[in-house]
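Observations on chain architecture
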Amino acid sequence: EVQLVESGGGLVQPGGSLRLSCAASGFTFSSYDMHWVRQATGKGLEWVSGIGTAGDTYYPGSVKGRFTISREDAKNLLYLQMNSLRAGDSAVYYCARRVRGGYFLDYWGQGTLVTVSS
Amino acid sequence: NFMLTQPHSVSESPGKTVTISCTGSSGSIAANYVQWYQQRPGSAPTTVIYEDNQRPSGVPDRFSGSIDSSSNSASLTISGLKTEDEADYYCHSFDTSNWVFGGGTKLTVL
């Protein structure tokens, strides 16, 4: 059974840093592109970053230069290093698997809550 | 920046058919695949349509997707509405290497 379990969320002050982790199981992690998607309370989905199987990374302008996605295939772990956090970064952060050879996210974790506040 | 615009909310009665639109801000929405995700309260999203009009296994054929190039929009149609279809629905597509989500549409089945 495919499982994605996020961790590392919490309360952080503006300007601070946080590293999220996503533990994957039930599939060959190294063979899949992975993504982070966030959702502020009561708001819509926002793509945050993606990483290919070769380690190529992608970010939207809103987080580029502040967030870094990475992966550790030997441990089946996906990471999101978030620096220079702002109140607008407060959200539930989901990790999600991109279907092989396709263009959608077929499995999602349950999310981890990040709150940026003083 | 490429954007996808959805109606904020729609409502319809059980057994009826509803269509949710997703309009691209620029370029051709037909140039890249469109996906639709369903999100029930307190849960992670799940895919109901991928690659414009394909249904993942387990999604009933009451759900269908289409593209209208003339209006640069995609549509999700749900027929034979059930109360369990009440949820938020998000369209999703691409712009170069950016993944873009629509703002979401709250479907109320009443």
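Above this text sits the structure in question.
Residues numbered from 1 in each chain as written. Chains lettered and ligands numbered in written order. Predicted model: local features only at pLDDT ≥ 70, side-chain atom pairs only at ≥ 80, totals over all residues. Heavy atoms only, no water.

1. Quick word on the sheet that holds strand S8 (residues 77–82) of chain A
Residues and elements named next belong to chain A. What counts here: Strand pairing requires that DSSP identify at least two bridges connecting the strands. Working definition: helices are DSSP H or I runs of at least four residues, strands are E runs of at least two. Numbering for both runs from the N terminus. Between the N-to-C directions of two axes lies an angle of 0 to 180 degrees, each axis being a line fitted to C-alpha atoms and, for a helix, fitted only over the stretch in contact.
Here we have 4 strands laid out as an open sheet, ordered S1-S3-S8-S7, and antiparallel in their pairing. The sheet terminates laterally at strand S1 (3–7) and strand S7 (67–72), the two strands that pair on one side only. The sheet shows a mean angle of 15 degrees between the axes of neighbouring strands, taken without regard to direction. Summarising the sheet, S7 and S8 pair through 6 bridges and their orientation is antiparallel. The residue of S8 that forms the bridge with Ile69 is Leu80.

2. Points about the nonpolar core
For soluble globular proteins, the rule of thumb is that nonpolar side chains tend to be buried together. Going by this rule: What is meant by a nonpolar core is a set of buried Ala, Val, Leu, Ile, Met, Phe, Trp, Tyr and Cys residues, joined one to another through side-chain atoms within 4.5 Å. For every residue, the accessible area (1.4 Å probe, protein chains only) is compared with the maximum for its type, and the residue is labelled buried under 20%, exposed over 50%, or partly exposed between those bounds. By the convention used here, residues are in contact when the closest approach between their heavy atoms is within 4.5 Å.
If you look at the biggest cluster of nonpolar residues, it comprises 27 residues, and the most contacted ones within it are A:Leu20, A:Trp36, A:Phe67, A:Leu78, A:Leu80, A:Met82 and A:Tyr93. At 4 residues, the largest contribution of residues to this core is made by strand S3 (residues 18–25) of chain A. Every residue in contact with A:Leu78, bar those within four places of it in the chain, is listed here: A:Leu20, A:Ser21, A:Cys22, A:Phe29, A:Met34, A:His35, A:Trp36, A:Ile51, A:Ile69, A:Ser70, A:Arg71 and A:Cys95. Residues B:Val18, B:Trp36, B:Val59 and B:Ala87 belong to the second largest nonpolar core, which totals 23 residues.

3. Points about the state of the cysteines
Disulfides are covalent bonds that connect the sulfur atoms of two cysteines. All names here are of chain A. Keep this limit in mind: In what follows, a disulfide is any cysteine sulfur pair within 2.5 Å.
Evaluation of the coordinates by the stated rule reveals 2 disulfides over all chains. Covalently, Cys22 is tied to Cys95 through a disulfide, its sulfur atoms 2.0 Å apart. Handedness here is read from the sign of the S-S torsion; for Cys22 and Cys95, about 45 degrees, the answer is right-handed. On the criterion of sequence distance, the pair formed by Cys22 in strand S3 and Cys95 in strand S9 (residues 91–98) is long-range, its members being 73 residues apart. Relative accessible area serves as the criterion here: at 0%, Cys22 is assigned to the buried category.

4. As for the sheet that holds strand S6 (residues 63–68) of chain B
Residues and elements named next belong to chain B. The antiparallel open sheet is built from 4 strands, whose spatial order is S1-S3-S7-S6. Both outer strands of the open sheet, strand S1 (4–5) and S6, are each paired with one neighbouring strand and no more. Relative to strand S3 (residues 18–24), S1 is paired through 2 bridges, and the arrangement is antiparallel. Pairing of Leu4 across the sheet is with Gly24, part of S3.

5. Section: the interface of chain A and chain B
Where the parts come together, the accessible area they lose is often given as the size of the interface. Rules: A simple way to read buried area is as the amount of 1.4 Å-probe accessible surface that goes missing from two parts once joined, with both sides added. For salt bridges, the criterion is a side-chain nitrogen of Lys or Arg within 4 Å of an Asp or Glu carboxyl oxygen. Think of a polar contact as two N or O atoms within 3.5 Å of one another; within protein, one of them needs to be a possible hydrogen donor and the other a possible acceptor, and neighboring residues in sequence only count if both atoms come from side chains.
Taken together, the contact between chain A and chain B spans 21 residues of the former and 19 residues of the latter. Taken together, both faces of the contact between chain A and chain B bury some 1600 Å²; the carbon and sulfur share is 67%. Broken down residue by residue, the surface that chain A buries against chain B is led by A:Leu45, A:Tyr103 and A:Phe104, which jointly contribute 41%. Our enumeration of links across chain A and chain B arrives at 0 salt bridges. There are 6 residue pairs in polar contact (both at pLDDT 80 or more) connecting chain A and chain B.

6. Comments concerning the environment of B:Glu84
All names here are of chain B. Residue placement: Glu84 occurs in the loop between strand S7 (73–78) and strand S8 (87–95). Between the C-alpha atoms of Glu84 and Leu110, which are 26 residues apart in sequence, the distance is 11 Å. Those residues in contact with Glu84 that lie beyond four places of it in its chain are Gln38, Arg40 and Arg62.

7. Remarks on the pattern of salt bridges
Residue and element names in this part refer to chain A. Following the criterion strictly, the structure yields 8 salt bridges over all chains and no others. For Lys75, the salt bridge is made with Glu72, and the minimal N-O distance between the two is 3.8 Å. Exposure remark for Lys75: the relative accessible area of 54% places this residue in the exposed category. Residue class for Glu72 comes out partly exposed when judged on its relative accessible area of 29%. When the shortest N-O distance is used, the salt bridge between Arg97 and Asp106 registers 2.7 Å. By relative accessible area, which is 6% here, Arg97 ends up buried.

All we've got here are geometric facts, nothing functional implied.
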